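Read off the chains here:
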2 protein chains.
Amino acid sequence: MNLKQLSELLGLSQTTVSRALNGYPEVNEDTRERVLRAVKETGYRPNKAAQRLATGKAGSIGLVMPTAPGHQSDVHFGEFLTGLGEEAVRHDFHFVIMPADPDDEVAALRRLAISGNVDALFVAYMRGHDPRLAMLKSLSMPFVVHGRSFGTEPDYPYLDIDNEAAFNDATRLLLQLGHTRFALMNGPAHLDFAIRRRNGVVAALAERGLELAEDCTSHSVMSDEEGLIAMERFLQLPERPTAILCSSTVLALGAIRAVNQAGLKLGEDISLIAHDDVLPLLKPENFSVPLTTTRSSLRAAGVRIAQRLIGTVKQAGPFPEQELWKTELIVRASTGPAPQA
Amino acid sequence: MNLKQLSELLGLSQTTVSRALNGYPEVNEDTRERVLRAVKETGYRPNKAAQRLATGKAGSIGLVMPTAPGHQSDVHFGEFLTGLGEEAVRHDFHFVIMPADPDDEVAALRRLAISGNVDALFVAYMRGHDPRLAMLKSLSMPFVVHGRSFGTEPDYPYLDIDNEAAFNDATRLLLQLGHTRFALMNGPAHLDFAIRRRNGVVAALAERGLELAEDCTSHSVMSDEEGLIAMERFLQLPERPTAILCSSTVLALGAIRAVNQAGLKLGEDISLIAHDDVLPLLKPENFSVPLTTTRSSLRAAGVRIAQRLIGTVKQAGPFPEQELWKTELIVRASTGPAPQA
DNA sequence: AATGGCTTCCAAAGCGCTTTCAAATATGTA
DNA sequence: TACATATTTGAAAGCGCTTTGGAAGCCATT
């Protein structure tokens, strides 16, 4: 059943039926009702491809999913997606997901944009000096970035958490507890959040004349395995760090295993603060020693970004172009006074 | 730049250019090269919406993502998606993801199918007597199901693992080790895999004249929290089970925390076998007591299903309609002889 | 009766592609 | 040379929708 058939059935023109369906004012209310009733009865659904061809709008937002053989699937990605979805479903929007090799991000994003399959783009996994930004700006397609790109003028629409402040605060707390030997277990070095978190730590330490040693910094994918490996390395240092900052509760999972295996006590021998993305699977309060965390819900961020994106497509703005969310510092049992040497 | 402009530029008809691009044989090789070169230079990309309208093919596979405020995002889902993506990217396919309330699955799937945005459907989270199957069959759109639907004639295309055999084998192993008091920590009761796994356990026990007690069975979302809760319940039973079968390593995570908190030793006081979906985040060999598991890679299943789906759309079949994968039973340290009473 | 302004509807022109059908040219055969 | 057969190209008709530019009918106003 297509528009032509439906209009013939009703003895109306396609024009009128189309207008009736799309809520245009210049159609008699009686006629509109007649049309709506016929739609119900016949089960007519407009062909999306035709609609898109005619209007240019697709009712969908696009995103690139980093993937490759051997590439780790990321819980954070799934959690964020859930947030996006939660909002999208309210507006009858869907996603178009373009899987792409992480090294091919720029090209994949461009392909997605010009594919004509999406009205707006969402971009994550921001890097320092991210090359995608220039491309996005040249595209004249609405987009929102999750995170920011260190070293780039922040004149693009983004939603980010204040990573620097979060890790600055966390470091300060540990300094107040008397710690002097710090280590940072971070995400991949090129990612924006990793850069900023490191800066936050370094700045807080510098105020006390302390430095973050090279061998007390690790950069890796945020899996528990990598957390284990990094922590084992830290624990073997001659001047073992007593204060650990950790970019994810997933990393912390492995780190804590290393602490236990070394026969050390979390919150006594080693203090640890992790960033908590509020993953439903990994609640810091459920750890055997509940974790002190900097918290910000990844999922809530997803909801918010979907709101902005969909709102922009539907011209339902205006939305703030830049949003910087504060994180909460939640003190639990994994932090304690520095052990006496 | 559209086809018309490109063809005018080349002094050719749209027909010829279109044919050259789509690999039709009836075009001179010199002409084809000229066209291809012009495409490179101009950066021309065919409009997907128009292409779709003309051909009816969208180059995409659709799936419904269960989501709702408060709904847990599922690591298993993300991992599977990664597998699908890995294969899709090789064929320049993408996904259209329709987020939907889990209670609205049938309708959401239908909406997705008739949206005209997808060429094929993928369906997961199968239930017993799943109502989506009848709908799918009536749709005349290719689809592949991950899992099966207990109680329904298996005459639809699926890929499943042999859940019954997996849990049957696991139970047998524990029986051989002398265990007599069993508990099953399962996924949501209405899901197909949960039904079959339970059947596998029950059948193995029945051979020895044993039964699986009602209070030794738990059904829940597969999170570590639920694992903890279920295990705590098991441990408080007067006749405490010594052999635990567990539907996911995620559940096991919580279960083991409960075991530890109770001061019991895994592999001695309590034996546990979990099903391992090969989540990169949760490797059973990395548990403090390495886990005995039944293993089957969720991601590999994703790759395979994408292959079949894309192959069908591209008419590159024939593919087997039904595939049942065996799981591997991998014995590690979490299983040991039943403790003497 | 003529004019103008509303309201309500329609015919037809796209949107950018694919594909059918036909024509033009090149090649081979008797 | 004449004819049949490949090979290569093109004109035009869709695909199913939206939207422009009228037009018809109706009313109130001059």
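This text goes with the structure placed above it.
Now for a description of the structure that goes with this document. (Residues numbered from 1 in each chain as written. Chains lettered and ligands numbered in written order. Predicted model: local features only at pLDDT ≥ 70, side-chain atom pairs only at ≥ 80, totals over all residues. Heavy atoms only, no water.)

### A closer look at the overall build of chain A
For chain A, the count of helices and strands is 12 helices and 12 strands. For a compact globule of 341 residues, the expected C-alpha radius of gyration is about 20 Å, and chain A comes in at 25 Å, more than 25% above that figure. Taking the principal axes of its C-alpha atoms as reference, chain A extends roughly 90 × 40 × 40 Å. Per-residue burial for chain A yields a buried fraction of 56% across its 341 residues. When the accessible surface of chain A is summed, it comes to about 14400 Å², and 50% of that surface belongs to carbon and sulfur atoms. Put simply, chain A has 35 plus and 41 minus side-chain charges, and the middle of one group is 5 Å from the middle of the other. (Helix = DSSP H or I, 4+ residues; strand = E, 2+ residues; numbered from the N terminus. Rg over C-alpha atoms; globule rule 2.2 N^0.38 Å. Buried < 20%, exposed > 50% of the residue type's maximum accessible area, 1.4 Å probe, protein only. Areas by Shrake-Rupley, 256 points an atom, 1.4 Å probe, with all protein chains shown as cover. Lys, Arg positive; Asp, Glu negative; His and termini not counted. Charge placed at Lys NZ, Arg CZ, Asp CG, Glu CD.)

### Section: the sheet that holds strand β7 (residues 217-219) of chain B
Pairing between the strands of a sheet comes from backbone hydrogen bonds, and it takes one of two forms, parallel or antiparallel. All names here are of chain B. One open sheet holds the six strands; their spatial order is β7-β6-β8-β9-β10-β12, and the pairing between them is mixed. Across the chains shown, the open sheet's two edge strands, defined by having one partner strand only, are β7 and β12 (328-330). Across this sheet, the average inter-strand angle for adjacent strands is 15°, counted without regard to direction. The pairing of strand β6 (residues 182-186) with strand β8 (residues 243-246) spans four bridges and is parallel. Residue L184 lies in a different strand from β8, and its bridge partner there is L245. Against the sheet, helix α8 (residues 163-176) makes contact with β6, β8, β9 (271-276), β10 (292-295) and β12, and its axis sits at roughly 165° relative to β8, the strand it touches most. In this fold helix α10 (residues 224-235) packs onto β6, β7, β8 and β9, with an angle of close to 160° to the strand it touches most, β6. (Pairing = 2+ DSSP bridges. Axes fitted to C-alpha atoms, helices over the stretch in contact; angles between N-to-C directions. Contact = heavy atoms within 4.5 Å.)

### Comments concerning the relation of the copies chain A and chain B
Each of the two chain copies can be brought onto the other by rotation about an axis and movement along it. Overlaying chain A on chain B yields an RMSD of 0.3 Å, the required transformation being a rotation through 180° with an accompanying axial translation of 0.2 Å. The operation mapping one copy onto its partner corresponds to a two-fold rotation axis. Closest approach to the rotation axis within chain A is made by the C-alpha atom of V96(A), at a distance of 2.3 Å. Residue by residue, 100% of the interface of chain A is reproduced at the interface of chain B, so both copies engage with the same surface. (Least-squares fit on C-alpha atoms with pLDDT ≥ 70 in both.)

### What to know about unusual backbone geometry
In this structure, V278(A) is a non-glycine residue whose phi angle is positive, near 60°. Summarising the element assignment, V278(A) is placed in the loop between β9 (271-276) and β10 (292-295).

### With respect to the protein's contact with DNA strand D
Residues in contact with DNA strand D amount to 28 residues; listed here are only the nearest, L3(A), S18(A), R19(A), Y24(A) and T15(B). For DNA strand D, the fraction of atoms within 4 Å of the protein that belong to sugar or phosphate moieties is 58%. With respect to DNA strand D, the backbone of G11(B) contributes an N or O atom lying 3.5 Å from a phosphate oxygen. Between DNA strand D and T31(B), the relevant distance is 2.8 Å, taken from a phosphate oxygen to a side-chain nitrogen or oxygen of the residue. (Near = heavy atom within 4 Å. Polar contact = N/O pair within 3.5 Å; in protein donor to acceptor, adjacent residues only side chain to side chain.)

### Some points on the pattern of salt bridges
Pairing between side chains becomes possible if they bear opposite charge and their charged atoms approach one another. Applying the stated criterion across every chain, the model contains 37 salt bridges over all chains. Of the charged contacts in the structure, one is a salt bridge between E225(B) and K283(A), with a shortest N-O distance of 3.4 Å. Of this pair, E225(B) sits in helix α10 while K283(A) is found in the loop between β9 and β10, placing the two residues in two different chains. Judged by its relative accessible area of 23%, E225(B) is partly exposed. Between E323(A) and R304(A) there is a salt bridge, with its nearest N and O atoms 3.0 Å apart. Linking E323(A) in strand β11 (residues 322-325) with R304(A) in helix α12 (residues 298-313), this pair joins segments that are 19 residues apart in sequence. Connected through shared salt-bridge partners, E105(A), R127(A), D130(A) and R132(A) make up one network. (Salt bridge = Lys/Arg side-chain N within 4 Å of Asp/Glu carboxyl O.)

### Observations concerning the protein's contact with DNA strand C
Not every one of the 28 residues close to DNA strand C is listed here, only the nearest: T15(A), R19(A), L3(B), S18(B) and Y24(B). When the atoms of DNA strand C within 4 Å of the protein are sorted by group, sugar and phosphate make up 59%. Interatomic distance of 2.8 Å between a side-chain N/O atom of T16(A) and a phosphate oxygen of DNA strand C. Where the surface near DNA strand C is concerned, the elements lending two or more residues are α2 (14-21) and α4 (48-55) of chain A together with α2 (14-21) and α4 (48-55) of chain B. Tallied by class, residues from the surface near DNA strand C come to 10 nonpolar, 14 polar and four charged. (Nonpolar A, V, L, I, M, F, W, Y, C, P; charged D, E, K, R; others polar.)

### Quick look at the nonpolar core
One finds M185(A), M231(A), L272(A), M185(B), M231(B) and L272(B) to be the most contacted residues of the largest nonpolar core, which totals 67 residues. Broken down by element, the residue count for this core peaks at eight residues, all from helix α11 (residues 249-261) of chain B. Apart from residues no more than four positions distant in its own chain, M185(A) is found in contact with S218(A), G227(A), A230(A), M231(A), F234(A), I244(A), L245(A), C246(A), S247(A), L251(A) and A255(A). Counting residues in hydrophobic clusters, the runner-up holds 46 residues, among them F93(A), V144(A), L309(A) and A301(B). (Core = buried A, V, L, I, M, F, W, Y, C linked by side-chain atoms within 4.5 Å.)

### A few points about the sheet that holds strand β4 (residues 143-146) of chain B
Reading across the sheet, the 12 strands line up as β11(A)-β5(A)-β4(A)-β3(A)-β1(A)-β2(A)-β2(B)-β1(B)-β3(B)-β4(B)-β5(B)-β11(B) and stay open at both edges, with mixed pairing between neighbours. Of all the strands in the sheet, just β11 of chain A together with β11 (322-325) of chain B have a single pairing partner and so form its edges. Averaged over all neighbouring strand pairs, the angle between strand axes comes to 20°, with direction disregarded. Bridge analysis of strand β1 (residues 60-66) of chain A against strand β3 (residues 120-123) of chain A gives three bridges, and the strand direction is parallel. Bridge pairing links I61(A) to A120(A) in β3(A). Its contacts with the sheet put α12(A) on β1, β3, β4 (143-146), β5 (158-161) and β11 of chain A, and the angle it makes with β4(A) is roughly 165°.

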